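A structural walkthrough
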Amino acid sequence: MVLDAIKDYGPSFSPIVIAVSAAIAVHSIRSAARTARMRATLDMIEKAESTEHYRNMQEVFSAYRRNSDLVLLNAPSDPKLERDRD
């Protein structure tokens, strides 16, 4: 019974199967492209923020934050805090 239905309507199912397969392929390609862009962006950010300059800036900011001295950013008294003011 099922086989008879497939034989009778088989040719009309082929375009539907092809369309569904194509939609899945397009979705997969877009998803892969989106993931690749996101990965490239994150790699670029990581590369920029892992440089010595940015690590020094983070260390200085953290020292100010730990000491609750964010107000003193204009005139630091500790040499460690003065290091990256240029």
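Remember, predicted model here, so these are calculated numbers, not experimental data. Each residue is numbered by its place in its chain's sequence as written, counting from 1. Local features in this predicted model are restricted to residues of pLDDT 70 or higher, and side-chain atom pairs are both shown and tallied only at a pLDDT of 80 or more, whereas totals for entire chains, interfaces and linings draw on every residue. Values shown for side chains rest on all heavy atoms present in the structure; no hydrogens or waters enter the calculation.

Let's talk about the overall build of the protein
Along the protein, the regular secondary structure elements total 3 helices and 0 strands. Secondary structure is summarised from DSSP: a helix means a run of H or I of at least four residues, a strand means a run of E of at least two, and numbering begins at the N terminus for each. In the protein, the succession of helices and strands from N to C terminus is α-α-α. Counting only carbon and sulfur atoms, one obtains 62% of the accessible surface of the protein, whose full area is about 7500 Å². Using the Shrake-Rupley algorithm and a 1.4 Å probe, accessible areas are obtained, with residue cover drawn only from the displayed protein chains.

A look at the confidence of the model for the protein
Residue-level confidence of the predictor, termed pLDDT, takes values from 0 up to 100. For the protein, mean pLDDT is 79; residues scoring 70 or higher make up 67% of the total. Taking the mean pLDDT of every element in the protein, the minimum, 62, falls on helix H3 (residues 79-82) and the maximum, 85, on helix H1 (residues 2-49).

A word on a nonpolar patch on the surface
Residues form patches when they are more than 30% accessible in relative terms and have no salt bridge. Like charges link within 9 Å. Nonpolar side chains (Val, Leu, Ile, Met, Phe, Trp, Tyr) link within 5 Å. What makes a salt bridge here is a side-chain nitrogen of Lys or Arg within 4 Å of a carboxyl oxygen of Asp or Glu, nothing more. Residues Phe13, Ile16, Val17, Val20 and Ile24 make up a contiguous nonpolar surface patch of about 480 Å² in total accessible area. Of note, isoleucine 24 is situated in helix H1.

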